[in-house]
Amino acid sequence: MQQPNQRGGQRVQQQQPFNPLAIRTKKNQLDKNDYAKMALVQVWKKEWWRALIPLVLFSLPAIFAFSWWWVAGAVIMTVLYILVRSAQVMGVTQMEQSNVLFERVMFEIDQRQILMKRNDKEGMALQWEMIDRVVQTKDAYQMYLKGPAADQLPTGWKGWVAKNFNVPVFLHLPFKIFNSPNDIKLMESLLRRKNFIPA
């Protein structure tokens, strides 16, 4: 996984000009375990059918010459696939370049960018072009970052694996970090204007 600033975000070290129209949140820190659980749910909602591939492939010989060894082998390979894919997703939280996702930050959000601020002098700016989609849950916004472009992926089978077994990278903004219900409405309006949620 690439750091968000490698996907286009920029580290900001100086005081940002005050923007009275920006939506400012309280400080928040996303727990790594919570992130891993949310990422696993997203991956397996989308990829559940892939777990059936080793089950079917390794069960095929049992159709022609039934043996419990073939069935056991198919189940073992399926479980191994699930464990390896889940470990890949959970491994994102342990990578050094992912630490920025789990820092205690406040957000300043406006038409131009999403600013993640550690304090008044340090932060990282994410441009809206870096956001692929936004999912609104009952208590939060999840803002998914775009993956690397096709020309940034390795060639050959490594590129195929990187494209098809990508790990979702997202910002999690619970409603509780917004300072007022009006700020949530402003955020919703901004996301509508950006065509991330339906009007």
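Residue positions are given per chain, counting from 1 as you read along its sequence in written order. Side-chain atom pairs in this predicted model are given and counted only at pLDDT of 80 or more, local residue features only at pLDDT of at least 70, and totals for whole chains, interfaces and linings cover all residues. Only hydrogens and water are removed before side-chain values are computed, so all heavy atoms of the structure are retained for them.

An unreviewed UniProt entry lists the protein under the name YcxB family protein, with Rufibacter hautae given as the organism.

Peer 1: Sorry, what's going on with the overall build of the protein here?
Peer 2: Helix numbers and strand numbers start at the N terminus; a helix is a DSSP run of H or I with at least 4 residues, a strand a run of E with at least 2. Counting secondary structure elements, the protein contains five helices and eight strands. Starting at the N terminus and ending at the C terminus, the protein contains elements arranged as β-β-α-α-α-β-β-β-β-β-α-β-α. Under the scheme applied here, a residue whose accessible area is under 20% of the maximum for its type counts as buried, over 50% as exposed, and between as partly exposed, the area being computed with a 1.4 Å probe on protein chains only. Residues counted as buried form 41% of the 199 residues belonging to the protein. Residue contacts are counted whenever heavy atoms from the two residues lie within 4.5 Å of one another. In the protein, 70% of the contacts between residues at least 6 apart in sequence involve partners at least 24 apart. Of the roughly 12,000 Å² that the protein leaves accessible, carbon and sulfur atoms contribute 60%. Here the Shrake-Rupley method, with its probe set to 1.4 Å, supplies the accessible areas, and only the displayed protein chains count as covering residues.

Peer 1: I tried to follow the side chain of T78 on my own but got confused; where do I start?
Peer 2: Note that T78 resides in helix α3 (residues 68-91). When near neighbours in sequence (up to four residues on either side) are disregarded, T78 contacts A51, P54 and L55.

Peer 1: Help me out: how do you make sense of the packing of helix α2 (residues 52-64) against α3 in this one?
Peer 2: Packed helix pairs are characterised by how far apart their axes lie and by the angle those axes make with each other. Packing of α2 against α3 leaves a shortest axis separation of 8 Å and a crossing angle of 170 degrees. With respect to α3, the element α2 is oriented roughly antiparallel. Contact residues: P54, L55, F58, S59, P61 and A62 in α2; W70, V71, A74, V75, M77, T78 and Y81 in α3. In terms of residue class, the contact of α2 with α3 is built from eleven nonpolar, two polar and no charged. Axes here mean lines fitted to C-alpha atoms, for a helix over just the part in contact, with angles spanning 0 to 180 degrees between N-to-C directions. Note that the term roughly parallel is reserved for angles under 35 degrees, roughly antiparallel for angles over 145, roughly perpendicular for angles of 65 to 115, and oblique for everything else. Classification convention: Asp, Glu, Lys, Arg as charged; Ala, Val, Leu, Ile, Met, Phe, Trp, Tyr, Cys, Pro as nonpolar; all other residues, Gly among them, as polar.

Peer 1: Help me understand empty space enclosed by the protein, please; the structure alone is not making it clear to me.
Peer 2: Cavity and pocket criteria rest on a 1 Å grid covering protein atoms alone: a 1.4 Å probe that fits but cannot get out defines a cavity, protein on both sides within 12 Å along at least 5 of 7 lines defines an open pocket, and an atom within 4 Å of a point defines a lining residue. Grid points are joined across faces, edges and corners, and a volume is the space filled by probe spheres set on the points. Tallied over the entire structure, the rule returns two cavities of 30 Å³ or more. Approximately 90 Å³ is the volume found for the largest cavity. Considering the residues around the largest cavity, the lining is formed by N28, L30, V100, L101, E103, V105, F107, M116, F170, L171 and H172. Take the lining of the largest cavity: its biggest share by element is three residues, from strand β8 (residues 170-174). Across the lining of the largest cavity, the residue classes break down as eight nonpolar, two polar and one charged.

Peer 1: Sorry, what's going on with the pairing of strand β5 (residues 123-127) here?
Peer 2: Successive side chains on a regular strand alternate, one facing one side of the sheet and the next facing the other. Among the five residues that make up β5, four are buried, leaving the element largely enclosed by the rest of the structure. In this scheme, strands are said to pair when DSSP sees at least two bridges between them. Of the strand pairs in this sheet, strand β4 (residues 113-117) and β5 are connected by five bridges, and their pairing is antiparallel. Note on β5: the bridge partner recorded for K117 is G123. Linkage of β4 to β5, two consecutive antiparallel strands, is achieved through a turn of five residues.

Peer 1: Explain the sheet that holds strand β7 (residues 140-145) here, please?
Peer 2: Whether parallel or antiparallel, the strands of a sheet pair through hydrogen bonds between backbone atoms. If you walk across this open sheet you meet the three strands as β6-β7-β8, and the pairing is antiparallel. A strand with exactly one partner marks an edge of an open sheet, and here the two such strands are β6 (131-136) and β8. Across this sheet, the average inter-strand angle for adjacent strands is 15 degrees, counted without regard to direction. Strand direction decides the pairing type here: β6 and β7, joined by five bridges, are antiparallel. Bridge pairing in β7 places V134 opposite M143. Where helix α1 (residues 32-47) meets the sheet, its contacts fall on β6, β7 and β8, and the angle it forms with β8 comes to roughly 115 degrees. Each of β6, β7 and β8 touches helix α5 (residues 181-193); the most contacted strand, β7, lies at about 35 degrees to it.

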